[in-house]
Amino acid sequence: MAIIRTLALKLRNPARNLIKSIRNLPVFRPLSWLYGGITDARNALFDAGLFRSTAPPVPSIAVGNLTVGGTGKTPMTEYLISMLSSRYHVAVLSRGYGRKTSGFVAAGEHTTVEEIGDEPFQYFCKFGDRVRVAVCEKRAEGFRSLLRLFPETNLILLDDAFQHRAVRPSCQVLLSDYHRPFYKDRPFPAGNLRERRRGAARADLVVVTKCPPDLTPAFKSGIKERVSAYTRPGTPVLFSTTAYGTPLTFTGTSSTKPSSPVIGVSGIAQNGIFEDYLKQEFSAEKHLAFPDHHFYTGADLQTLFSYTEKGYVVITTEKDMVKLKGAVLEAKQSGNFLYVPVKTDFGPEEALFRGQIGRHLSAFGDRQD
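The present account deals with the structure reproduced in this document. (Residues numbered from 1 in each chain as written. Predicted model: local features only at pLDDT ≥ 70, side-chain atom pairs only at ≥ 80, totals over all residues. Heavy atoms only, no water.)

### A few points about the packing of helix α4 (residues 73-84) against helix α12 (residues 350-362)
Then, in step 1: Relative orientation of the contacting elements α4 and α12 amounts to 75°, with a least axis distance of 12 Å. Here α4 is positioned roughly perpendicular relative to α12, judged by the angle of their axes. For the pair formed by α4 and α12, the contact residues are Met-76, Tyr-79, Leu-80, Met-83 and Leu-84 on the first element and Glu-350, Phe-353, Arg-354, Ile-357 and Leu-361 on the second.
Then, in step 2: Residues belonging to the contact of α4 with α12 are distributed by class as follows: eight nonpolar, no polar and two charged. (Axes fitted to C-alpha atoms, helices over the stretch in contact; angles between N-to-C directions. Helix = DSSP H or I, 4+ residues; strand = E, 2+ residues; numbered from the N terminus. Parallel < 35°, antiparallel > 145°, perpendicular 65-115°, else oblique. Contact = heavy atoms within 4.5 Å. Nonpolar A, V, L, I, M, F, W, Y, C, P; charged D, E, K, R; others polar.)

### Thoughts on the sheet that holds strand β4 (residues 131-135)
Then, in step 1: One open sheet accounts for eight strands, arranged β3-β4-β2-β5-β1-β6-β7-β8; its pairing is mixed. In the strand order of this sheet, the two ends are held by β3 (105-106) and β8 (237-239), each with one partner.
Then, in step 2: Sitting on the sheet, helix α6 (residues 118-127) touches β2 (90-94), β4 and β5 (155-159), and the angle it makes with β4 is about 165°.
Then, in step 3: Each of β2, β3, β4 and β5 is contacted by helix α7 (residues 139-149), which is oriented at about 150° to β2, the strand it contacts most. (Pairing = 2+ DSSP bridges.)

### A few points about the pairing of strand β6 (residues 171-177)
Then, in step 1: Counting buried positions along β6 yields seven of seven residues, so the element is predominantly enclosed.
Then, in step 2: Side-chain alternation along β6 places Cys-171, Val-173, Leu-175 and Asp-177 on one buried face and Gln-172, Leu-174 and Ser-176 on a second face that is also buried.
Then, in step 3: Sheet topology note: the strand β1 (residues 60-65)/β6 ladder contains five bridges and is parallel. Each residue of the ladder has a partner; that of Ala-62, found in β6, is Gln-172.
Then, in step 4: Where β6 meets strand β7 (residues 205-209), five bridges bridge the pair, whose relative direction is parallel. Bridge pairing in β7 places Leu-174 opposite Val-206. (Buried < 20%, exposed > 50% of the residue type's maximum accessible area, 1.4 Å probe, protein only.)

### A word on the pattern of salt bridges
If the charged atoms of two oppositely charged side chains come close together, the side chains can form a pair.
Then, in step 1: The full count for this structure, using the stated rule, is 19 salt bridges.
Then, in step 2: With a shortest N-O distance of 3.0 Å, Lys-323 and Asp-118 are connected by a salt bridge. One end of the pair, Lys-323, is in helix α11 (residues 318-330); the other, Asp-118, is in helix α6, with 205 residues separating them in the sequence. The same class applies to Lys-323 and to Asp-118, which are both buried.
Then, in step 3: The salt bridge partner of Lys-319 is Glu-119, with a shortest N-O separation of 2.9 Å. (Salt bridge = Lys/Arg side-chain N within 4 Å of Asp/Glu carboxyl O.)

Shown next as structure tokens:
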């Protein structure tokens, strides 16, 4: 059923199909080869030590992908925070994509979403004192600044850092979207890959995300075989699903399923998947889709408020909620807005994932000797 829903979603999205058709034009193939060659050369220079790569002095886990956008990095980073923050002084270092600032910025009491970006701000708001959050385009400079400012930090999570070769983490977690596997894709612009498939060889652990919950062992085995063609021998391949939580108000309290008509809004990499979910679960009548990391303008807010005035309830993502919350509360519209939290769920493979992460963290001291 999950595969059928995905196909139906793609058929409903002519813009996506148009982009895919354009990318399949022969003219883009040479450009894709050129782009892949450039990334190959860059990786070779790092591998040869001609470009400098620095390992943080504390354990570090990088979460990233080969595919542009929408593989589930934010839920995975949150999973790791929840899993490790009771045993470590955890800090998250991100680029802060889309923020209005530059350089190193650490989240603090008066930090705004515009200063650090939507995903880092989400971590900061959600976990509070359980985690330190900072952003910096240059991650090597970023982790040095972070450790100077928060010297108690003994574990760094590097969000979206798989291609940031200037930092050499203790453990590389590579995510691959079940619906858009990297082993079927090509480098930009003919495809969605940030580098060639062979980049997967740097991964210490691969997680296939957004899987249907009913994948059979035989089907998983086939995926593992395809993934393992590009990874180092023995690299574990695990599977996770996306778990949608109970809708929450913008003040964080649980909500019942709305009886009023629903409209969806999101600015994420894979808007269509969230739209599909809202149609299934809430019979959403309309969905306003914006580009990933979109910052909502006054005109956007007026459009949303025009729907609530007509009796609609607006349901959005947690990532969008942190950008909308201030304006919604100021307009006293909190009763008309809900967001849906999303979690990574490993199901029966949870112990395997935790064991793999624990093994890499335990081995950090041995690698330092």
